[in-house]
Amino acid sequence: MACTPAQEEFQKNKVAKLIQNSQSFIITTHKQCDADGLGSALGMLYALKKIGKSARLLLVDDLPNRYNFLNQDLLVETYNSPHTPIEDTDVALIFDTNAESLIQPLYKELKKHCKHISFIDHHPFGDNLPTEYSFIKVNSASTGELVFDLIKSLNIDLDKKIARSIYSSIAFDTQVFRYIRGSSRSLVICAELLEYEKEPEKIHSYLFASYSKDKIKLLSEVFAKVEYPCSEVVIAKVNLKDLKKHNLKMDDVRDILDFLMSINEIKIGAFFREDSTNEFKLSLRSKDYLYINHIAKLFGGGGHKQAAGALLKGDYQKVKEQVLTEILKTLDTKKKAC
Ligand SMILES: [Mn+2]
């Protein structure tokens, strides 16, 4: 589901009012955070502190190293159940997801201790908004843009730290403006943010060009085994044990599929990350007006129209065949429609 523009505006004002009238906040984002979720959360944290609210930022797992540049004030805490005490709080603000499962086990505690839970996000949701105070704009290219709008509604002045956080969100999800979802909004917002952020190139490089030699070794191994079941489809796989061998983390494989999608003829790509024996995180991507989120949904996952994912269990050859069947169906349907 998605809201109409009028509903989005209504929800934005409702969330802004809730923030205005509340004093204490817990801020978080999805598991294995990315720069959109983290930058959104940090941008809001700095903004709330600026107007005298009390707020803490809790991640459900460790902060990937490449985002340390955003955490120079060491405001990011990792939630470590049951050793991290959660106090009674007015509002939980959850960024860049509306799936409870991606915030567990923290979500259970937030439900117990927070008066209100607010999802601020740009992913599709179910039949209804997940909570009364949710602000979700599915057409937004990043969650950072929604945080920018909320901060404006709250009349909080931008500054260097807020700007760096939100700029990182937008630069990450748009891959430095490659994917702006048909709107100039990301660029217009960033033009304003760059009044305060004077080193955008440094951010681009932290986000997209901070590889280790070990990562290049892993990439060469993964690329050597890439499969092309037909000229428009690419499939790749990595095992967690390969990551360990090269001293890498899960965050290091996040962009492998993006590389493969830059092959000219490729229209749909699938990437399997084997997390344990017969358990996989599937990532799907598509381009040129082909959508793959229905495939992710079919396997119990979700996401955006052209970037989605799911968790799969079973023998690799079998799950791969199942996913490939759906990919080929999708390509076929599109060809018939043309
Ligand atoms: Mn995002």
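Quick caveat: nothing in here was measured; it's all calculated off a predicted structure.

Student: Can you break down the domain arrangement of the protein residue by residue, with the values?
Tutor: Each assigned domain of the protein is listed with its residue range as follows: domain 1 (5-208) and domain 2 (213-337). One C-alpha centre belongs to domain 1, the other to domain 2; they are set 27 Å apart. Taken residue by residue, the interface counts 13 residues in domain 1 and eight residues in domain 2. Summing both partners gives a buried area of about 840 Å² for domain 1 against domain 2, and 39% of it is carried by carbon and sulfur. For the pair domain 1 and domain 2, the number of links is one salt bridge.

Student: An account of the sheet that holds strand β8 (residues 233-239) is needed here, citing residue identities and associated values.
Tutor: Across the sheet, which stays open at both edges, the six strands sit in the order β7-β8-β9-β10-β12-β11 with mixed pairing between neighbours. The open sheet is flanked by β7 (227-230) and β11 (302-303), the only strands paired with a single partner. Both β8 and strand β9 (residues 268-276) contribute to a ladder of seven bridges, which runs parallel. When the bridges of β9 are listed, Asn239 appears paired with Glu274.

Student: Let's hear about the coordination of the manganese ion: which residues, and what values?
Tutor: Each protein donor to the manganese ion is listed here as Asp36 (OD), Asp96 (OD), His122 (NE2) and Asp173 (OD); together their distances run 2.1 to 2.3 Å. Counting the intervening residues between successive donors of the manganese ion yields the motif D-x59-D-x25-H-x50-D. In this pair, Asp96 sits in the loop between β4 (89-95) and α3 (106-113) while Asp173 sits in helix α5 (residues 160-173), placing the two residues 77 residues apart along the sequence.

Student: Please provide a residue-by-residue account of the packing of helix α4 (residues 144-153) against helix α6 (residues 185-193), values included.
Tutor: It is at 10 Å that the axes of α4 and α6 come closest, and there the two elements cross at 55°. In terms of axis orientation, α4 runs oblique to α6. At the point where α4 passes α6, the crossing takes the left-handed sense. In this structure, α4 uses Glu145, Phe148, Asp149 and Lys152 to contact α6, whose residues at the interface are Arg185, Ser186, Ile189, Glu192 and Leu193. Classifying every residue of the contact of α4 with α6 gives three nonpolar, one polar and five charged.

Student: Mind laying out the side chain of Thr143, listing which residues take part and the relevant values?
Tutor: In this fold, Thr143 is placed in the loop between β6 (135-136) and α4. With near-sequence residues (within four places) excluded, Thr143 lies in contact with Asp36, Ser40, Phe95, Asp96, Ile120, Asp121 and His122.

Student: Give a description of the environment of Val222 that names residues and reports values.
Tutor: Summarising the element assignment, Val222 is placed in helix α8 (residues 213-224). Its relative accessible area of 5% is what places Val222 among the buried residues. Measuring from C-alpha to C-alpha, the distance between Val222 and Arg273 comes to 11 Å, with 51 residues separating the pair along the chain.

Student: I'd like a description of the nonpolar core, backed by residues and values.
Tutor: Judged by nonpolar contacts, the single largest core of 50 residues is most densely connected at Ile27, Leu38, Met44, Tyr67, Leu93 and Leu193. Ranked by residue count, the leading element in this core is helix α2 (residues 35-50), at nine residues. Among all residues touching Met44, those that are not within four sequence positions of it are Ile19, Ile27, Leu93, Phe95, Val147 and Leu150. Of all hydrophobic cores here, the second largest spans 22 residues; its members include Ala270, Phe280, Leu312 and Val323.

Student: Can you tell me about the sheet that holds β4, naming the residues and giving the values?
Tutor: Taken together, six strands build an open sheet; the order of strands is β3-β2-β1-β4-β5-β6 and the sheet is parallel. Every other strand in the sheet has two partners, leaving β3 (76-78) and β6 as the edge strands with one partner each.

The rules behind each value
Residues numbered from 1 in each chain as written. Predicted model: local features only at pLDDT ≥ 70, side-chain atom pairs only at ≥ 80, totals over all residues. Heavy atoms only, no water. Domains from an automatic or database assignment. Contact = heavy atoms within 4.5 Å. Buried area = accessible area lost by both parts, 1.4 Å probe. Salt bridge = Lys/Arg side-chain N within 4 Å of Asp/Glu carboxyl O. Pairing = 2+ DSSP bridges. Helix = DSSP H or I, 4+ residues; strand = E, 2+ residues; numbered from the N terminus. Donors = N, O, S within 2.8 Å, 3.2 Å for Na, K, Ca; no water. Axes fitted to C-alpha atoms, helices over the stretch in contact; angles between N-to-C directions. Parallel < 35°, antiparallel > 145°, perpendicular 65-115°, else oblique. Left-handed = near helix turned anticlockwise from the far one by under 90°. Nonpolar A, V, L, I, M, F, W, Y, C, P; charged D, E, K, R; others polar. Buried < 20%, exposed > 50% of the residue type's maximum accessible area, 1.4 Å probe, protein only. Core = buried A, V, L, I, M, F, W, Y, C linked by side-chain atoms within 4.5 Å.

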